[in-house]
Amino acid sequence: MVEGVSLKDSPFWNIHPVLCRDVIVREVTVTGQGPNNDGCNPESVDGMLIDNCYFDTGDDCIAIKSGRNADGRRLATPSRNIVIRGCQMKAGHGGVVIGSEISGGVHHVFAENCQMDSPDLWYALRFKNNAMRGGKVENIYARDIEVGQVAFAAITCDFNYEEGADGPFVPELNNLLVERLHVQQAGRVLDSQGLPGAPVRDIRLIDCSFDGVTAPSIVSHTQGLVLDKVTVNGELVSSL
């Protein structure tokens, strides 16, 4: 357990449990605008609770990982069974993030009752991978997320990150369910870019609202996008 501590101005990742089981990070404050100072990075962790924490960082607030490239495939140990709840995110490259070092895979992640708001927060929910990393990400659930402002898109699924399609390993993202995500201001609702032969699959948005949207969504190499009671700038939409 890591509880009730404050971490400030780290030059790199702050809280980084690796190959651990049964981890609790509770009521922790992480601040600092360094170039790569992620707030909390579970890596190949089985069973973790991130509860009631505050993040204001120069990179991802929470970024779930499972090893990079050959090292991640060698260990073949996914991050799984992770609950994120009651957290507050300010500046950062993403609020709840998976990637990019996920060669060992990630599955069964649950995020709920979080608040995010900053013009310096790039994305609320961010998934990043490429054909050099590979790895399967599946069964990701988010609900009751309140977002004031994000700079770019509320949700991004990006297989073009860094090396993009330049690699022999197939990135996978399957079964993302987002319920009651409410955003007051975002450049886009969704930026989902899979790769030819490696589409993003099965994104479901249910009872979500996106206001202050100024640009159309980007949806390419994406299959099974479902919208159920989704509004954009006050209007009910059936597609993005």
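Here, every reference points to the structure presented above.
Residues numbered from 1 in each chain as written. Predicted model: local features only at pLDDT ≥ 70, side-chain atom pairs only at ≥ 80, totals over all residues. Heavy atoms only, no water.

Colleague: Describe in detail the overall build of the protein chain, supporting the description with residues and values.
Modeller: Within the protein chain, the regular secondary structure consists of 1 helix and 20 strands. The C-alpha radius of gyration of the protein chain comes to 16 Å, within 12% of the 18 Å expected for a compact globule of 240 residues. Overall size of the protein chain, expressed as C-alpha extent along the three principal axes, is 45 × 40 × 30 Å. A buried classification covers 54% of the 240 residues belonging to the protein chain. The long-range fraction of contacts in the protein chain, counting pairs at least 24 apart against all pairs at least 6 apart in sequence, stands at 78%. Within the structure as shown, the protein chain displays about 9,900 Å² of accessible surface, and the carbon and sulfur contribution to it stands at 47%. Computing the positive centroid from 20 side-chain charges and the negative centroid from 31, the protein chain places the two 5 Å apart. (Helix = DSSP H or I, 4+ residues; strand = E, 2+ residues; numbered from the N terminus. Rg over C-alpha atoms; globule rule 2.2 N^0.38 Å. Buried < 20%, exposed > 50% of the residue type's maximum accessible area, 1.4 Å probe, protein only. Contact = heavy atoms within 4.5 Å. Areas by Shrake-Rupley, 256 points an atom, 1.4 Å probe, with all protein chains shown as cover. Lys, Arg positive; Asp, Glu negative; His and termini not counted. Charge placed at Lys NZ, Arg CZ, Asp CG, Glu CD.)

Colleague: I'd like a rundown of the nonpolar core, residues and numbers included.
Modeller: Counting 60 residues, the largest nonpolar core has Phe55, Ile84, Ile155 and Phe210 as its most contacted members. In contact with isoleucine 155, other than residues within four places in its own chain, are Leu125, Leu176, Val178, Leu181, Val189, Leu190, Asp191 and Leu205. (Core = buried A, V, L, I, M, F, W, Y, C linked by side-chain atoms within 4.5 Å.)

Colleague: Residues and numbers for the pattern of salt bridges, please.
Modeller: Counted by the stated rule, this structure contains 10 salt bridges. Of the charged contacts, one joins lysine 65 and glutamate 101 as a salt bridge, the two residues approaching to 2.5 Å between their closest N and O atoms. Of this pair, lysine 65 sits in the loop between strand S7 (62–64) and helix H1 (69–75) while glutamate 101 sits in the loop between strand S10 (96–98) and strand S11 (106–116); the two residues are 36 residues apart in sequence, bridging distant segments of the chain. For lysine 65, a relative accessible area of 2% gives the class buried. The salt bridge involving glutamate 112 is made with arginine 143; its shortest N-O contact spans 2.8 Å. Highlighted residues: glutamate 112 in strand S11 and arginine 143 in strand S13 (residues 135–149), separated in sequence by 31 residues. (Salt bridge = Lys/Arg side-chain N within 4 Å of Asp/Glu carboxyl O.)

Colleague: Tell me about the pairing of strand S16 (residues 188–193), residues and numbers included.
Modeller: Here 5 bridges tie strand S14 (residues 153–158) to S16, and the two strands are oriented parallel to one another. Its bridge partner lying in S16, isoleucine 155 is registered against leucine 190. Across 3 bridges, the pairing between S16 and strand S18 (residues 218–220) is parallel. Bridge assignment links aspartate 191 to a residue of S18, and that residue is isoleucine 218. (Pairing = 2+ DSSP bridges.)

Colleague: Tell me about the environment of cysteine 40, and please be specific about residues and values.
Modeller: Looking at the secondary structure, you find cysteine 40 in the loop between strand S4 (29–32) and strand S5 (46–51). Residue cysteine 40 is classed as buried on the basis of its relative accessible area, which comes to 0%. Not counting residues within four places of it along the chain, the set of residues in contact with cysteine 40 comprises Ile15, Val25, Met48, Ile50, Phe55, Cys61, Ile62 and Ala63.

Colleague: Give me the lowdown on the state of the cysteines, citing residues and values where you can.
Modeller: Summed over all chains, the structure comprises 0 disulfides. Free of any disulfide, cysteine 40 has its nearest neighbouring cysteine sulfur in cysteine 53, separated by 7.0 Å. Unpaired in terms of disulfides, cysteine 61 finds its nearest cysteine sulfur in cysteine 87, a separation of 9.5 Å. (Disulfide = S-S within 2.5 Å.)

Colleague: So, the packing of aromatic side chains: which residues are in play, and what are the values?
Modeller: Using the criterion set out here, one finds 4 aromatic pairs in the structure. On the basis of an interplanar angle of 15 degrees and a centroid distance of 5.0 Å, the ring pair of phenylalanine 12 and tryptophan 13 is categorised as stacked. Each residue in the set Trp122, Tyr123 and Phe152 is aromatic and connected to the rest through ring pairs, giving one cluster. Arginine 73 extends its terminal NZ or CZ atom over the ring of phenylalanine 169, reaching a point 3.4 Å from the ring centre. (Phe/Tyr/Trp six-rings, centres within 6.5 Å; stacked < 30°, edge-to-face > 60°. Lys NZ or Arg CZ within 6 Å of the ring centre and 35° of its normal.)

Colleague: Requested: an account of unusual backbone geometry, with residues and values cited.
Modeller: What is expected of a backbone is that most residues other than glycine have negative phi and most peptide bonds are trans. Going from glycine 99 to serine 100, the amide bond is cis rather than trans, its omega being 0 degrees. With respect to the helices and strands, serine 100 occurs in the loop between S10 and S11. Its identity as a non-glycine residue notwithstanding, aspartate 22 has a phi of 60 degrees, on the positive side. Take aspartate 22: it is sitting in strand S3 (residues 21–26). What makes aspartate 22 exposed here is its relative accessible area of 68%.

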